[in-house]
Structure formats: C-alpha cells, structure tokens
Amino acid sequence: MKGTIPFVFLIQCLIIFHYCGEISGESTTIVPAENVTILLDSLLEGYDKRLRPNYGGQSIDIDVSMLIYSFGPITESKMEYTMDMYFRQEWLDPRLTFNQDVVLYLTSEMSSRLWVPDTYFINEKAAKYHEITSKNSLLRISRDGKLLYSTRLTMTASCSMDLKLFPFDKQNCKLTLESYAYNTIGVHYYWLKNGAVWIDPEISLPQFEVQGYSIDVNTATYYVGNYSQLIINFYLGRQISYYVIQTYIPSSIIVVVSWVSFWIPRKATPARVALGVTTVLTMTTIMGNAGSSLPKLSYMKAIDIFLGVCHIYVFAALVEFALISFYDSPSFEQARQLVKEARSTKEDEGEMHQRGQSNGTNGDVRITVADGEDVIEGEVTVHDSDENILQQCICSSITKCKQKLTETGFEPDSTEHKARVLFPLTFVIFQAVYWIYFLFIAHSSPDVAGILS
Ligand SMILES: *[C@@H]1O[C@H](CO)[C@@H](O)[C@H](O)[C@H]1NC(C)=O
Ligand SMILES: *[C@@H]1O[C@H](CO)[C@@H](O)[C@H](O)[C@H]1NC(C)=O
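Side note on the site of ligand 1
Inference 1: All residues adjacent to ligand 1 are Pro 32, Asn 35 and Gln 100.
Inference 2: Within the complex, the protein chains bury 31% of what would otherwise be the 360 Å² of accessible surface of ligand 1.

Notes on unusual backbone geometry
Inference 1: With an omega dihedral of 5°, the bond running from Gly 72 to Pro 73 counts as a cis peptide bond.
Inference 2: In this structure, the amide linkage connecting Phe 166 to the following residue, Pro 167, adopts the cis form with an omega of 0°.
Inference 3: Checked against the element boundaries, Pro 167 lands in the loop between β7 (146-158) and β8 (170-179).
Inference 4: Here the phi dihedral of Asn 54 falls at roughly 60°; this positive angle occurs in a residue that is not glycine.
Inference 5: As for its position among the elements, Asn 54 is in the loop between α2 (33-44) and β1 (60-75).
Inference 6: In this structure Asn 54 comes out as partly exposed when scored by relative accessible area, which is 32%.
Inference 7: Phi angles above zero are rare outside glycine, and Met 79 is one such case at about 55°.
Inference 8: Mapped onto the fold, Met 79 is located in the loop between β1 and β2 (80-92).

Digging into the packing of aromatic side chains
Inference 1: Following the criterion strictly, the structure yields 31 aromatic pairs and no others.
Inference 2: Taking 6.2 Å as the distance between ring centres and 70° as the angle between the ring planes, the aromatic pair formed by Tyr 81 and Phe 234 counts as edge-to-face. Placement of Tyr 81 in strand β2 and of Phe 234 in strand β12 (residues 225-238) is noted, with a sequence separation of 153 residues between them. In this pair, the class of Tyr 81 matches that of Phe 234, namely buried.
Inference 3: With a centroid separation of 5.3 Å and 20° between ring planes, the pair formed by Phe 168 and Phe 438 is classed as stacked. Residue Phe 168 is located in the loop between β7 and β8, and its partner Phe 438 is located in helix α9 (residues 412-441); the two are separated by 270 residues in the primary sequence. For the residue pair Phe 168 and Phe 438, the accessibility class agrees, reading buried in each case.

Quick word on the nonpolar core
Inference 1: With 87 residues, the main nonpolar core has Met 66, Ile 68, Phe 71, Tyr 81, Leu 175 and Phe 234 as its most contacted residues.
Inference 2: If we skip the residues at most four places from it in the chain, Phe 71 touches Tyr 81, Thr 82, Met 83, Ile 203, Leu 205, Val 210, Phe 234 and Leu 236.

Considerations on the packing of helix α4 (residues 241-259) against α9
Inference 1: Interhelical geometry of α4 versus α9 gives an angle of 160° and a closest axis separation of 10 Å. When the interaxial angle is binned, α4 and α9 end up roughly antiparallel. Handedness of the crossing formed by α4 with α9: right-handed. Between α4, through Val 244, Tyr 248, Ser 252, Val 255 and Trp 259, and α9, the contact on the second element is made entirely by Phe 423, Pro 424, Phe 427, Gln 431, Tyr 434 and Trp 435.
Inference 2: Residues of the contact of α4 with α9, tallied by class, amount to nine nonpolar, two polar and no charged.

Focus on the sheet that holds β8
By definition, the strands of a sheet pair up through backbone hydrogen bonds, in either a parallel or an antiparallel sense.
Inference 1: The sheet built from four strands is open, its strands ordered β4-β8-β12-β11 with antiparallel pairing. Edge positions in the sheet fall to β4 (119-121) and β11 (208-222), since each has one partner strand and no second. Within this sheet the neighbouring strands show an average axis-to-axis angle of 20°, counted without direction.

Quick notes on α4
Inference 1: Between the first and last C-alpha of α4 there are 26 Å, a value that for 19 residues agrees with the 27 Å anticipated at 1.5 Å per step.
Inference 2: Within α4, the axis deviates most sharply at Tyr 248, by approximately 30°, and proline Pro 250 lies no more than four positions further along.
Inference 3: Buried residues of α4: Tyr 243, Thr 247, Tyr 248, Ser 251, Ser 252, Ile 254, Val 255, Ser 258 and Trp 259, and no others.

Regarding the pattern of salt bridges
Inference 1: According to the stated counting rule, one finds 10 salt bridges in the structure shown.
Inference 2: Of the charged contacts in the structure, one is a salt bridge between Arg 95 and Asp 93, with a shortest N-O distance of 3.1 Å.
Inference 3: Residue class for Arg 95 comes out partly exposed when judged on its relative accessible area of 31%.
Inference 4: A relative accessible area of 0% places Asp 93 in the buried class.
Inference 5: Among the charged side chains, a salt-bridge network with shared partners connects Glu 76, Asp 169 and Arg 238.

Some remarks on the state of the cysteines
Inference 1: Under the defined criterion, the tally for this structure stands at one disulfide.
Inference 2: Residue pairing for Cys 159: its cysteine sulfur links by disulfide to Cys 173, the two sulfurs lying 2.0 Å apart. Here the disulfide of Cys 159 and Cys 173 is left-handed, its torsion about the S-S bond being about -85°. With Cys 159 in the loop between β7 and β8 and Cys 173 in strand β8, this residue pair connects regions lying 14 residues apart in the sequence.
Inference 3: Owing to a relative accessible area of 4%, Cys 159 belongs among the buried residues under this scheme.
Inference 4: With relative accessibility at 0%, the residue Cys 173 sits in the buried group.

What counts, and where the lines are drawn
Residues numbered from 1 in each chain as written. Chains lettered and ligands numbered in written order. Predicted model: local features only at pLDDT ≥ 70, side-chain atom pairs only at ≥ 80, totals over all residues. Heavy atoms only, no water. Near = heavy atom within 4 Å. Areas by Shrake-Rupley, 256 points an atom, 1.4 Å probe, with all protein chains shown as cover. Helix = DSSP H or I, 4+ residues; strand = E, 2+ residues; numbered from the N terminus. Buried < 20%, exposed > 50% of the residue type's maximum accessible area, 1.4 Å probe, protein only. Phe/Tyr/Trp six-rings, centres within 6.5 Å; stacked < 30°, edge-to-face > 60°. Core = buried A, V, L, I, M, F, W, Y, C linked by side-chain atoms within 4.5 Å. Contact = heavy atoms within 4.5 Å. Axes fitted to C-alpha atoms, helices over the stretch in contact; angles between N-to-C directions. Parallel < 35°, antiparallel > 145°, perpendicular 65-115°, else oblique. Left-handed = near helix turned anticlockwise from the far one by under 90°. Nonpolar A, V, L, I, M, F, W, Y, C, P; charged D, E, K, R; others polar. Pairing = 2+ DSSP bridges. Expected span 1.5 Å × (residues − 1). Bend = angle between axes of the 7 residues up to and from the residue. Salt bridge = Lys/Arg side-chain N within 4 Å of Asp/Glu carboxyl O. Disulfide = S-S within 2.5 Å.

Here you go:
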C-alpha cells in the first residue's frame, strides 16, 4: 500500500502537467480587457483594410473549409439546389501579429475593419448571410497573425441536370468559388488539409440522397488574369420509391384495369367504352402529374417511356374494342338487306319460326333461317314489336358478318382471345426489360467517386 501512494501521486502530477500543457497551448493567461482593447487599437493603428496582406509581395494562401448542415431543396424545374453551411476561410496577415499570449475571439464588428477575402461563388444564384440576432460570423486572430473567418451562408446555386434517366438519374452538382478581384498574383485558394468538407450525415432530402462529394482545385484563365478556384462536386442519387408509389404502380394498375374490357361481353358497349375512355383519361392525368415538377425538356425521360407505353396499351385496348364492334355490327341498312334475303329464301324453301315471346314488350326470340346448307340463327331480346325487325336485323346480320369475316381472316372472338393473352404477356415483358435496363444497365455519366465523411 505504501509503495502505491507515490505512484498514484506521480500519475496525478503527470495528468495535471499534461492538462496544463494542453491548455497553455490554447492560451489561458487571463489578459485584462483593457489590455485587449489596447492591443486591438494598436493592431488597427495604421492598418489599411483596402490592401491585402503582403501587398506587392508574395501571394497569400487561403485555406477553405465548409460544414454543410442542411441540403436542399433541389429544384429540377429551375435546375438549382440550396444549402446551408458554415463557410470558413483561414489566412495569414503579417500585419496582425502581436506579442501577447492570447487568441482574439471577435465578431463581424472587427471583420468589417480588417481585410477579408472577396470570395464569391461562380454558380451562385442567390445567397444570404444570416443576421439574426446579429451577423452570424466569427473572426479569430492568433498571435502569429493567422485569421479564421467563418460565416453562415444559405446559398442557392445552379446545377445543370441531365434528366434523361429521370427518375433513375444521379445528379452531380458543382459549386465553384474564387476571388473576384485577386488573381493568382494575389490569392491562392486551397482546401483545408484536414476536414475540408463535412456534410451532416443526418441530412435527409425528400427525393435525393447525398451520396458523396469530391473536391478539386483549378486555375481559370480569364481576360483579366488567372484565378485560383476551388471546386466541390456533390453526388446526389435520386430515391425512386416516391415515383414507384406515385406513378409506376398506379399507371401499371390502370393498364391492367383496361384489360378487364376483354372479358366484358362485346354487346355491353357502354361498359366497355366507359372503361376504355376512363383508363385513357386517367393515364393522361398521371402523365400530366408526373412531369409537373420538371422543366419543359425537349428530350424523352425514362419515366416518359414508361408512361408512353402504358398510354399506348390503354389506348390499344380501346381501339381493339372499336375494331371488334365495327366488324360485329354492320349498318342497319346492310342488315335489312340480309333479312330480306332470308325472308325471300323462306318463301322458297326455308322456314322462320319465332318462339318464347313471353309478352308484348319483352321476351326472347329465336330465329332460324335455313338457306340451303347455310343456317343462320340468332337470339334477341325484343323490347317493342316495332323494333322487332331491327333486332332481327342485327342478330341475323351478326352471323352473316361473322362468316364474312372468317373468310377474310378476322374473327372477333379469336381476336378477343388473342388480346387476353397478348396484352398481359407483352406488358410483363416490357416491364421486365424496362426495370432491368434502368436499374442495372443505364447509369448517369458521373458515377459516385466522392466519400461522405
Ligand atoms: C496589462 O497591461 C498592464 C499595463 O499596460 C501590464 O502591466 C500588464 O502586465 C498587462 N497584463 C498582461 C497579462 O499582459
Ligand atoms: C495564365 O496561365 C497561362 C497558362 O496556364 C499562362 O500562359 C499565362 O501567362 C497566365 N497569365 C497570367 C496573367 O498569369
């Protein structure tokens, strides 16, 4: 026990020493406020904020870092994105060195009296400082004349988006900054060595996901000189789920609903027409909604292909019915002719009998017309004795017409049967090809290269 006490004491001493050493690096000496006031006054004495540090001498290096704490919204219709960040710049101003062991923590009051870089963002559309409750900025001056200037910015920047693969697209949005006045003779920008960019991993966007970023330095050549630039690329991946729920599933269901028509009897014209027209109109509405948040682009997007095909399917189902009903019911005039023919045949050798007429207004009528080997028969519901002939006309003509069509190769029944198989089969194949292609084969050109810290 006795031996351990000095040991514990030694450890404690080491901890305290270590601690004190660390704090002294941060400067702990309490300097009276008057001394700091005198120091600031002495720093500003003869200080010309119009001139950059080292004016006429070597260029200065500005280290930039960003903390992005909010991202979005990303507006495709305007091709822009918004983000909030703490924008930090560090540089050395030899005029601001001093001899006291303090770090000066200051606000915008002081920064307005010192030279600060005139950094601007090339593709910025709108940006603002936050001034509640006072301008959100900090200025820190170390004794070696190193300055840290941080401001809070909300910025909307343009981002040219390629929406050909929408909504399977990935977007690459760029932000470029440079000095407005100082070319490479005066200022060089660099990304801070450690932790140049930090994006809050908690950021969640309604449609996108910030998949990463990459940073770069560049020198741009203009008429007014060469300018040092910093570039950051944000890689944004779109989340498809919203479009699956809002567009892909409803439009697929509408297509399936349009096939119900193939199982509705051909005679039920109002039902089939209503179904066909409703599905076509619904598809039109879905198409209109899908493109509402997008700019009016001249090219086809992936979603347009899908909706276009769905529209064609729904329309084709309606056309199929129109085709069948056209061949199914020729004009009454033609029908009357046929009945006349049948009657004259009956006078010769055929027979025509009616049976089951339950009452004067309603009943089943079965007509059989024997015309040599050709037997025509049909069944109708009679509503009125005056309409009797008309109904007969239709029913007798159906059989005739069918025969005629069988000769030409068009048969409503078999067309209907084919449609029942062909429509679903081809649609399933289309769906498979579409999803495989856009999910696994097609890729937006900029693939994610960045890392999200
Ligand atoms: C503050 O200033 C006074 C007078 O100028 C000086 O005596 C004192 O040492 C200074 N204090 C510190 C901590 O520098
Ligand atoms: C700008 O850079 C180009 C090549 O990078 C160089 O030829 C040119 O002299 C530079 N201009 C200035 C003003 O520095």
